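Architecture and fold: a report
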Amino acid sequence: MPATDDLQLLIDAAYASGDIARKHFNASPEVWDKPGNAGPVTEADLAIDDMLRTDLLAARATYGWLSEETEDDSARLSRERVFIVDPIDGTRAFIAGERHFSHSLAIAENGRVTTAVVYVPMLDMLFAATEAGKSTLNGAKITTSAQLDLDGATLLATKPNMRPEHWIGGVPAVQRKFRPSLAYRLCLVAQGRYDAMLTLRDCWEWDIAAGDLIVRQAGGTVTDRHDSPLAFNNPHPKTKGCHAAGPPMHKALQARIRQPEQ
């Protein structure tokens, strides 16, 4: 299947996700707590997940499926290509009436993301990429920041990531910023709006799969906290953290991250 066909499929699905999300946004959607302290889920998350699973698998019956809101099925591991989606990345923000949530949709082939879309519906920002071309925001090409020095850089990260024990030589003099959606954070780095993003905690694949490709095709580097490239559709779909930046900034960031003792 040509990547351009897959890309249009994901773009259409992302816009349809946004239509559902906007209907529920600030409309007191029903909310449940997921088992195991896994966080909240709303009727909007579930409606989007149902729509995506139905429509995407109808269009690509041979692809596997991995979603935050669908019970995992090991059958995906035998598929060459798999959809990896997060119906709403930033559900807590969505519930709170904050606009920085996103829909994250990716297709991985043999562990590597080949097609990706992240849509921020309340800002009407659609980020997209395939391995065949440059990343775009609403159709315009984007590129990562040219910032070289970690001191003074803008870094998207949560406060716990800035604890001194995580850093060699002390916490760097960065300007820490935050957005609730990991997928959106990655896209903001791809756009060059921020210099880097960092999360040292293990990451679910559906949060970062689309953003991984969008950063890479914008000229950036994405790895786990150990400096290994990300691989997807794993039996346990988590990575050992995630950080992204332009290549020089990524190298500078990686050099300062303290690795946990084995």
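Bear in mind that the values here come from a model prediction, so they are computed numbers and not experimental data. (Residues numbered from 1 in each chain as written. Predicted model: local features only at pLDDT ≥ 70, side-chain atom pairs only at ≥ 80, totals over all residues. Heavy atoms only, no water.)

To continue, consider the packing of aromatic side chains. As enumerated under the stated definition, the model contains eight aromatic pairs in all. Centre to centre, the rings of Phe 127 and Tyr 184 are 6.4 Å apart; their planes meet at 55 degrees, and the pair counts as tilted. Here Phe 127 is found in strand β7 (residues 125–130), whereas its partner Tyr 184 is found in helix α4 (residues 182–191), with 57 residues between them in sequence. Judged by centre distance (4.7 Å) and plane angle (5 degrees), the ring pair of Trp 204 and Trp 206 falls under stacked. Under the relative-accessibility criterion, Trp 204 is labelled partly exposed at 31%. With relative accessibility at 8%, the residue Trp 206 sits in the buried group. Linked through ring pairs, Phe 25, Phe 94 and Phe 101 together constitute an aromatic cluster. (Phe/Tyr/Trp six-rings, centres within 6.5 Å; stacked < 30°, edge-to-face > 60°. Helix = DSSP H or I, 4+ residues; strand = E, 2+ residues; numbered from the N terminus. Buried < 20%, exposed > 50% of the residue type's maximum accessible area, 1.4 Å probe, protein only.)

Attention shifts here to the UniProt feature "binding site: Mg(2+)" (unreviewed entry) in the protein chain. UniProt records the feature "binding site: Mg(2+)" (unreviewed entry) at Glu 68, Asp 86, Ile 88, Asp 89 and Asp 207, using the numbering of this structure. Judged by maximum C-alpha separation, these annotated positions cover 140 residues in sequence but sit close together in space, the widest gap being only 9.4 Å. Filtering out sequence-adjacent residues up to four positions away, Glu 68 remains in contact with Lys 34, Val 85, Asp 86, Ile 88 and Trp 206. In this structure the side chain of Glu 68 is engaged in a polar contact, spanning 3.0 Å, whose partner is the side chain of Lys 34. Position of Asp 207 relative to the elements: it lies in helix α5 (residues 205–216). For Asp 207, a relative accessible area of 11% gives the class buried. Discounting chain neighbours no more than four positions away, the residues touching Asp 207 are Asp 86, Asp 89, Ser 104, Leu 182 and Ala 183. (UniProt positions renumbered as here; feature names shortened; annotations may be inferred. Contact = heavy atoms within 4.5 Å. Polar contact = N/O pair within 3.5 Å; in protein donor to acceptor, adjacent residues only side chain to side chain.)

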